[in-house]
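# Survey of secondary and tertiary structure
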Amino acid sequence: MAMHAIRIHAFGGPEVLQDDTLPLPVPGHEEILVRIAAASVNPVDGKIRAGKHPSVKDDDLPVTMGRDLSGVVEATGDNVQGVAPGDAVFAMLGWDRGSYAQHVVLKLGEFTPKPQNLSHVEAAAVPLAALTAWQGLMDHGKLQKGQRVLIHGGAGGVGHFAVQIAKAMGAWVATTCSARDIDFVRKLGADRAIDYKAETFEDVVANIDLVYDLVGGETQDRSFKVLKHGGRLVSTLQEPDKAGAIAAGVTGIHYMAAPNAAELAEIGKLLLSGRIKPFVFATYPLQEAAQAQAALEKGAVQGKIVLTVDP
Ligand SMILES: NC(=O)c1ccc[n+]([C@@H]2O[C@H](COP(=O)([O-])OP(=O)(O)OC[C@H]3O[C@@H](n4cnc5c(N)ncnc54)[C@H](OP(=O)(O)O)[C@@H]3O)[C@@H](O)[C@H]2O)c1
């Protein structure tokens, strides 16, 4: 039995993506084999492809692209309970496998049931982006009900979940975005949308408990000014400046999101109740993964881009 997988054999632009035929993986101890219905495209995919991500080095090539998916269980390995062939699941993967493929093996602790009210395409948009938002706001940001949050980049893949999760947790939410995304982030629940090209966010908000930074650079450096003493600056991009954090009396954190089935199940409950929703901006068939990555890198994407594998 064989499957298609989109891999890279060398680092470069979207043109290095290659449609390869590989043997079907076999689920081992505490693993399941999943037929992938849809997989999402994340900025990390482009960074890996370009050789700009520390997780994948020359020696690791070739690698299958893609870090999350929704699909249907096809087989189970030994010592697997509570999940059976035919069940729909969604998951974020560890670094050692890829989801731009027809099948993948998942480990216990990576997957959870797909929310029944979502299609596979919608569910595939969730795992990496929503887990990143959850871990940034909750685990590292220690977000509490009633706090004031500023999210930089609230219209993107992670940001559109972050705005909704922060609102679901009872926070007051401001977010920076492009002018064309103002209505979008308002519909997600943002209390204040800030056009980052027309407004200076430091002039608009103050006394912020948590800045969630999905942009980095000078946007991150300027964020110290809006934080309360004792506040937090949590970034997916880079370690906040230590001297700046001390001077402002805040905690600065950079983190890497990781698979976590228990947290994905919490996110699943919010999805099932309709309190948060994925927004799928565009879909591409698996074979057009290169065009999908190029579209995300061009920018101006609201929410997520998803690859359809076998929807
Ligand atoms: N550490 C981790 O584990 C982890 C996990 C997930 C993501 N990330 C990183 O976090 C970043 C965000 O991820 P994502 O999936 O949300 O990316 P994305 O879907 O590309 O969204 C980025 C958003 O930021 C907006 N933006 C760009 N410059 C901005 C600025 N100066 N001020 C405010 N908004 C701005 C973009 O809008 P325009 O296109 O209109 O400019 C876009 O809406 C990426 O760099 C990604 O690699 C890291």
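What you are looking at is a predicted structure, and each value in this text was computed from that prediction instead of being measured.

Moving on, we come to the overall build of the protein chain. The secondary structure content of the protein chain amounts to ten helices and 16 strands. The C-alpha radius of gyration computed for the protein chain amounts to 19 Å, which stays within 12% of the reference 19 Å derived for 311 residues, consistent with globular compactness. If you line up the protein chain on its principal axes, its C-alpha atoms span 60 × 40 × 35 Å. Contacts in the protein chain between residues at least 24 apart in sequence constitute 63% of all its contacts with a sequence separation of at least 6. A distance of 7 Å separates the average location of the 29 positive side-chain charges in the protein chain from that of its 35 negative side-chain charges.

What follows deals with the pairing of strand S14 (residues 251-254). Strand direction decides the pairing type here: strand S13 (residues 227-235) and S14, joined by four bridges, are parallel. Along S14, the bridge assignment pairs Arg232 with Thr251.

With that settled, the discussion passes to the site of the ligand. Near the ligand there are 24 residues, and of these Lys47, Ser178, Arg180, Tyr196 and Ala257 occur at the shortest range. Note that an oxygen atom of the ligand is positioned 2.7 Å from one of the backbone N or O atoms of Ala257. Expressed as a share of its isolated accessible area of 930 Å², the protein-covered part of the ligand is 82%. Here the shell around the ligand gets three residues from one element, more than from any other, and that element is helix H4 (residues 157-168). Tallied by class, the residues present in the shell around the ligand amount to twelve nonpolar, ten polar and two charged.

Take the packing of aromatic side chains next. Scanning the entire structure with this criterion turns up one aromatic pair. Its end group placed over the ring of Trp95, Arg67 keeps NZ or CZ at 3.7 Å from the ring centre. The lysine or arginine in question, Arg148, covers the ring of Trp172, its NZ or CZ lying 4.3 Å from the ring centre.

Alignment of strand S12 (residues 208-213) against S13, held across five bridges, turns out to be parallel. Paired with Leu210 across the bridge in S13 is Arg232. Taken together, S12, helix H7 (residues 217-222) and S13 constitute a β-α-β crossover, and its handedness is right-handed.

Take the side chain of His53 next. By the element assignment, His53 lies in the loop between helix H1 (43-49) and strand S4 (63-64). Looking at His53, its side chain comes within polar contact range of the side chain of Ser55, at 2.8 Å. Setting aside residues up to four positions removed in sequence, His53 forms contacts with Val44, Lys47, Ile48, Trp95 and Met256.

With that out of the way, let us pick up the domain arrangement of the protein chain. Along its sequence, the protein chain is carved into domain 1 (2-126 + 278-308) and domain 2 (129-254). Computed over C-alpha atoms, the centres of domain 1 and domain 2 are 28 Å apart. Listed as interface residues are 13 residues of domain 1 and, on the opposing side, twelve residues of domain 2. A per-residue breakdown of the area domain 1 buries against domain 2 is headed by Val126, Gln302 and Gly303, which together make up 44% of the total. Across the contact surface, domain 1 and domain 2 share zero salt bridges. Put simply, domain 1 and domain 2 have six residue pairs in polar contact (both at pLDDT 80 or more) between them. Residues belonging to the side of domain 1 that touches domain 2 are distributed by class as follows: seven nonpolar, three polar and three charged.

Moving on, we come to the side chain of Ser70. The topology assignment puts Ser70 in strand S5 (residues 68-76). A residue is classified by how much of its surface remains accessible, and Ser70, at 0% relative accessible area, is buried. Once residues lying within four places of it in the same chain are set aside, the contact partners of Ser70 are Ile36, Ala37, Ala38, Val89, Phe90, Lys114, His120, Ala123 and Ala124.

Criteria and thresholds
All residue numbers here refer to positions counted from 1 along the written sequence of the relevant chain. At least 70 in pLDDT is required for a residue's local features to be given in this predicted model, at least 80 for side-chain atom pairs to be given and counted, and no such filter applies to totals for whole chains, interfaces and linings, which use all residues. Only heavy atoms go into the side-chain values, all of them from the structure, while hydrogens and water stay out. Only DSSP runs of H or I with at least four residues qualify as helices, and only runs of E with at least two residues qualify as strands; both kinds are numbered from the N terminus onward. Radius of gyration means the value over C-alpha atoms here, while the globule rule gives 2.2 Å times the residue count to the 0.38 power. Note on definitions: a residue-residue contact is assigned when non-hydrogen atoms from the two residues lie within 4.5 Å. Working convention for charge: Lys and Arg count positive, Asp and Glu count negative, and His plus the chain ends are omitted. Taken as the charge centre is NZ of Lys, CZ of Arg, CG of Asp or CD of Glu, depending on the residue. Between any two strands, pairing holds if DSSP finds at least two bridges. Whether a residue is near a molecule or strand depends on its heavy atoms: if one lies within 4 Å, it is near. Side-chain atoms alone can form a polar contact between residues adjacent in sequence; in general such a contact is a pair of N or O atoms within 3.5 Å, and within protein one must be able to donate a hydrogen while the other accepts it. To measure how exposed things are, a 1.4 Å probe is used in the Shrake-Rupley method; for residues, cover is taken only from the protein chains shown. For this classification, the nonpolar set comprises Ala, Val, Leu, Ile, Met, Phe, Trp, Tyr, Cys and Pro, the charged set comprises Asp, Glu, Lys and Arg, and every other residue, Gly included, is treated as polar. Aromatic rings from Phe, Tyr and Trp, with only the six-membered ring used for Trp, were paired whenever their centres fell within 6.5 Å, and each pair was classed as stacked if the ring planes differed by under 30 degrees, edge-to-face if by over 60, and tilted otherwise. In this analysis the charged atom, NZ for Lys or CZ for Arg, is taken to sit over a ring once it is within 6 Å of the ring centre and within 35 degrees of the ring normal. A clockwise course of the path from the first strand over the helix to the second, judged with the strands pointing away from the viewer, identifies a crossover as right-handed. Domain start and stop points were drawn from an automatic or database domain assignment. We define buried area as the total accessible area lost by two parts upon association, computed with a 1.4 Å probe and summed across both. Take a side-chain nitrogen of Lys or Arg and a carboxyl oxygen of Asp or Glu: if they are within 4 Å of each other, that pair is a salt bridge. Only protein chains enter the accessibility calculation, which uses a 1.4 Å probe; a residue whose area is less than 20% of its type maximum is buried, one above 50% is exposed, and one in between is partly exposed.

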